[in-house]
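Coordinate analysis (summary)
Chain by chain, the residues run as shown.
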Amino acid sequence: MISPIICFVLAFVLASFVEYWMHRLMHANARIGERHRDHHRRNEGQGVLWEFRDYVRGSFIVMCLLFFYSWQVGLGWFLGGLFYAAFSAYAHQLQHENPRRCFWMKMPVHYVHHKYQMWHHNFGLAVDWWDRVFGTYKPVEWLTDEEVKQPERGYLQLRWW
């Protein structure tokens, strides 16, 4: 029997992998990346709830597949994908509004990706694992006077919708 906890972890990791490659694809293909280019022009997130909605909408069928195997395995898989979608939506919005709060990364890769217009580097949104694995991680001194002068804000002080 496959453990629901293992399915949760696998779904979380797979979701981060898919997110990384989808972001790379948006930079490589003009048709797929049309909406993404607008995101770069505006340099802002949609709000945590709208980001979450888009992530779940794009992966809902895959999130439900393992329910055909068993209820417990399906629930683990579904919750792993759902948790990653929530985490990623939050991390994405946080990096646009308060990147210094991304304590789980040495450098907030998505913030740097936007700040320095890195079309070939730092594609991760919530994690930097895959940038490191696939050689697209490009460290920079990102904490400049611009970020230091920003008023101190809490982890929940960001646009939610």
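About the cut-offs
Residues numbered from 1 in each chain as written. Predicted model: local features only at pLDDT ≥ 70, side-chain atom pairs only at ≥ 80, totals over all residues. Heavy atoms only, no water. Helix = DSSP H or I, 4+ residues; strand = E, 2+ residues; numbered from the N terminus. Rg over C-alpha atoms; globule rule 2.2 N^0.38 Å. Buried < 20%, exposed > 50% of the residue type's maximum accessible area, 1.4 Å probe, protein only. Contact = heavy atoms within 4.5 Å. Disulfide = S-S within 2.5 Å. Salt bridge = Lys/Arg side-chain N within 4 Å of Asp/Glu carboxyl O. Phe/Tyr/Trp six-rings, centres within 6.5 Å; stacked < 30°, edge-to-face > 60°. Lys NZ or Arg CZ within 6 Å of the ring centre and 35° of its normal.

When its secondary structure is counted, the protein shows 7 helices and 0 strands. Over its C-alpha atoms the protein spans a radius of gyration of 16 Å, differing by no more than 12% from the 15 Å that the globule rule assigns to 161 residues. Each principal axis of the C-alpha atoms in the protein carries an extent, and together these give about 55 × 35 × 30 Å. Within the protein, the proportion of its 161 residues that are buried is 42%. Once local pairs closer than 6 in sequence are excluded, the contacts in the protein between residues at least 24 apart make up 67%.

A few words on the state of the cysteines. The tally for this structure, following the rule as stated, stands at 0 disulfides. For Cys64, which is in no disulfide, the shortest distance to another cysteine sulfur is to Cys7 and amounts to 14 Å.

With that settled, consider the pattern of salt bridges. Oppositely charged side chains may form a pair once their charged atoms are brought near each other. One pass over the full model with this rule turns up 9 salt bridges. Across the pair Arg42 and Asp38 runs a salt bridge whose closest N-O atoms are separated by 3.0 Å. Taken together, the residues span about one helical turn, with Arg42 and Asp38 both in helix α2 (residues 34-42) at a distance of 4 residues. What makes Arg42 partly exposed here is its relative accessible area of 38%. On the basis of relative accessibility, which here comes to 30%, the residue Asp38 falls in the partly exposed class. For Glu152, the salt bridge identified is with Arg101, shortest N-O distance 3.1 Å. With Glu152 in the segment after α7 (145-148) and Arg101 in the loop between α4 (71-97) and α5 (109-115), this pair connects stretches of sequence that are 51 residues apart.

Our focus in this paragraph is the environment of Pro4. Note on placement: Pro4 falls in helix α1 (residues 4-28). Its relative accessible area of 33% is what places Pro4 among the partly exposed residues. Separated by 124 residues in sequence, Pro4 and Asp128 have C-alpha atoms that sit 25 Å apart. When neighbours within four sequence positions are excluded, Pro4 is seen to be in contact with Gln72, Val73 and Gly76.

All right, on to the packing of aromatic side chains then. Under the definition given, this model contains 22 aromatic pairs. An angle of 85° between the planes, with centres 6.0 Å apart, marks the rings of Tyr20 and Phe123 as edge-to-face. Placement of the pair is Tyr20 in helix α1 and Phe123 in the loop between α5 and α6 (129-133), with a sequence separation of 103 residues. Residues Tyr20 and Phe123 agree in their burial class; the two are buried. With 5.9 Å between their ring centres and 75° between their planes, Tyr111 and Trp142 make a pair best called edge-to-face. Here Tyr111 is found in helix α5, whereas its partner Trp142 is found in the loop between α6 and α7, with 31 residues between them in sequence. Under the relative-accessibility criterion, Tyr111 is labelled buried at 14%. Here the guanidinium or amino end of Arg132 rests over the ring plane of Tyr137, the centre of that ring lying 3.9 Å away.

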